[in-house]
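# Structural features, examined
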Amino acid sequence: MQLTFQPLLLELRHPFRLATGMRTHTNAMLTEISLGAYTGFGEAAMPPYYGETHQSAAVFLGLAATRLQTYHQPLSGSLITAIMQEIDALAPGNHAAKASVDIALHDLWGKMESKPLWSLWGISPEKMPPTSFTLGLDSPEMTRRKLEEAGDFQILKIKLGSDDDRAVIRTVRELSDKPIYADANQGWRNREAALDLVCWLQEQQVQLIEQPFHKNDLESAAWLTERSPLPIFADESFQRLSELERIAGCFHGVNVKLMKCTGLAEARRTIAAAGAKGLQVMIGCMTETSCAIAAAAQIAPLCDFADLDGCWLISNNPYEMPALDRGIIQLNRQPGLGLRAKTA
Ligand code: MG
């Protein structure tokens, strides 16, 4: 198999402001893996806080390309799992770069089988949860504009951890009564104040809270989880399957992202393991193209919640957007990821 890759700078439609900082771009790497007449597409989306760069991804993918050259046989799900164990062992970290290999391998497999991935896995597209649409921290005026852009989406994801989170929610509530997922992005500091706020958020029809405290402050997370009337989800506190045991008792649920957990093979195992521990599962994303979104969408029907709006937040997506019906991503019957390059 031949692996090639090229860097892409994803341009955000609006500067993205979180409790942890602001940015206008996300580094991405687009991958292709070819075998015979078939080519699978993959992607690494690398927000700065996880430490991967175009350079680190190029170095890692160079190693992966050499390893993949030794494979010539048709793919299967179990062969991909075995290949990904080898790829994972090439170097620590590099989770998004690893995901870009995993996604391309899966797309290639589906194309060789002439089947969509969801059908190869026996997944029911009708179980697809609605996707939320994310609004970063912003002025009331910009929040108004972004709410208009949220048009078809039926759930809003609001970034909190600001100086005045109640004001952020009040601004949204003056304009929209859609259900809200609230993401504090590690921005809350005080347990009692957090619990007061969560109780107030429940009255505002907020459905769940993501990552209230610093990622390493599991004690505070467990304290809040024990008392909170709303489910508390781990995002930054939880990267991949090997960490599930450590955080399981501290949250009601986990946010699984392909870019954190090295791709679809591990994500599927993670979703099953989280379910077995009684944890709810959200499938999330970074700002990324339709490629990684289409990949996550294949397994989203296995999850309780979906936050797969990444390709709606960028302005230079090289692929067609996923089909959306009242905020629910529609899986198509095209092989693999069902991804199409944009026609001019
Ligand atoms: Mg989050």
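Everything numeric here is computed off the predicted structure, so don't read it as measured data. (Residues numbered from 1 in each chain as written. Predicted model: local features only at pLDDT ≥ 70, side-chain atom pairs only at ≥ 80, totals over all residues. Heavy atoms only, no water.)

## As for the coordination of the magnesium ion
Where we set the bar: Water is not part of the atom set, so a site may look incomplete; the donors themselves are N, O and S atoms within 2.8 Å of the metal, or 3.2 Å for Na, K and Ca. By the criteria applied, helices consist of DSSP H or I runs no shorter than four residues and strands consist of E runs no shorter than two, each listed in order from the N terminus. Relative accessibility thresholds used throughout: buried, under 20% of the residue-type maximum; exposed, over 50%; partly exposed, between the two (1.4 Å probe, protein chains only).
Within the protein, Asp 183 (OD), Glu 210 (OE) and Asp 235 (OD) serve as the donor atoms for the magnesium ion, at 2.1 to 2.3 Å. Every donor residue of the magnesium ion comes from the same chain, spaced as D-x26-E-x24-D. On the criterion of sequence distance, the pair formed by Glu 210 in strand 7 (residues 206–210) and Asp 235 in the loop between strand 8 (232–234) and helix 9 (244–247) is long-range, its members being 25 residues apart. Note on accessibility: Glu 210 and Asp 235 belong to one class, buried.

## Some remarks on the pattern of salt bridges
Applicable threshold: Any Lys or Arg side-chain nitrogen found within 4 Å of a carboxyl oxygen on Asp or Glu counts as a salt bridge.
Here the structure, examined in full by the defined rule, presents 15 salt bridges. A salt bridge links Lys 157 to Asp 183; its shortest N-O distance comes to 3.9 Å. Of this pair, Lys 157 sits in strand 5 (residues 155–159) while Asp 183 sits in strand 6 (residues 180–183), and the two are 26 residues apart along the sequence. Like Asp 183, Lys 157 is buried. Of the charged contacts in the structure, one is a salt bridge between Glu 266 and Arg 240, with a shortest N-O distance of 2.6 Å. In this pair, Glu 266 sits in helix 11 (residues 264–276) while Arg 240 sits in the loop between strand 8 and helix 9, placing the two residues 26 residues apart along the sequence. Judged by relative accessible area, Glu 266 falls into the buried class, the value being 7%. Given the relative accessible area of 13%, Arg 240 is considered buried. A network of salt bridges, in which partner residues are shared, links Lys 157, Lys 159, Asp 183, Glu 210 and Asp 307.

## Quick look at the domain arrangement of the protein
Heads up, the condition is: Residue ranges for the domains trace back to a domain assignment, done automatically or taken from a database. The contact criterion used is simple: two residues touch if any of their non-hydrogen atoms lie within 4.5 Å. A 1.4 Å probe defines the accessible area here, and the buried area is the portion of it lost by two parts on being joined, summed over both. We call Asp, Glu, Lys and Arg charged. Ala, Val, Leu, Ile, Met, Phe, Trp, Tyr, Cys and Pro are nonpolar, and the rest, Gly among them, are polar.
The domains assigned to the protein are domain 1 (2–115) and domain 2 (120–329). Here the C-alpha centre of domain 2 lies 23 Å away from the C-alpha centre of domain 1. The interface of domain 1 with domain 2 comprises 38 residues on the first partner and 43 residues on the second. Across the interface of domain 1 and domain 2, roughly 3,300 Å² is buried in total on both sides, 62% from carbon and sulfur atoms. Looking at the side of domain 1 facing domain 2, the largest losses of area belong to His 14, Tyr 50 and His 95, adding up to 18% of the total buried there. There are 1 salt bridge connecting domain 1 and domain 2. Residues Asp 88 and Arg 240 are paired through a salt bridge, measuring 2.7 Å at the closest nitrogen-oxygen approach. In terms of residue count, strand 1 (residues 2–18) provides more of the side of domain 1 that touches domain 2 than any other element does, 11 residues in total. Here the side of domain 1 that touches domain 2 is built from residues that sort into 20 nonpolar, 8 polar and 10 charged.

## Focus on the environment of Gln 186
In this fold, Gln 186 is placed in the loop between strand 6 and helix 7 (191–203). Along the sequence, Gln 186 and Glu 320 sit 134 residues apart, while their C-alpha atoms lie 33 Å from each other.

## Side note on the nonpolar core
Defined as follows: Only buried Ala, Val, Leu, Ile, Met, Phe, Trp, Tyr and Cys residues count toward a nonpolar core, and they belong to the same one when joined by side-chain atoms within 4.5 Å.
Of all hydrophobic cores here, the largest spans 113 residues; its most connected members are Met 1, Val 101, Leu 105, Trp 188, Leu 201, Val 254 and Leu 308. In terms of residue count, helix 3 (residues 95–113) provides more of this core than any other element does, 9 residues in total. Here this core gathers at least three residues from each of two domains, domain 1 (2–115) and domain 2 (120–329). Dropping the residues within four chain positions of it, Met 1 is found in contact with Ile 33, Ser 34, Leu 35, Leu 68, Gln 69, Tyr 71, Leu 75, Ile 83, Leu 105 and Leu 108. In terms of nonpolar packing, the next biggest core, distinct from the first, is built from 6 residues, Tyr 181, Leu 208, Met 282 and Phe 305 among them.

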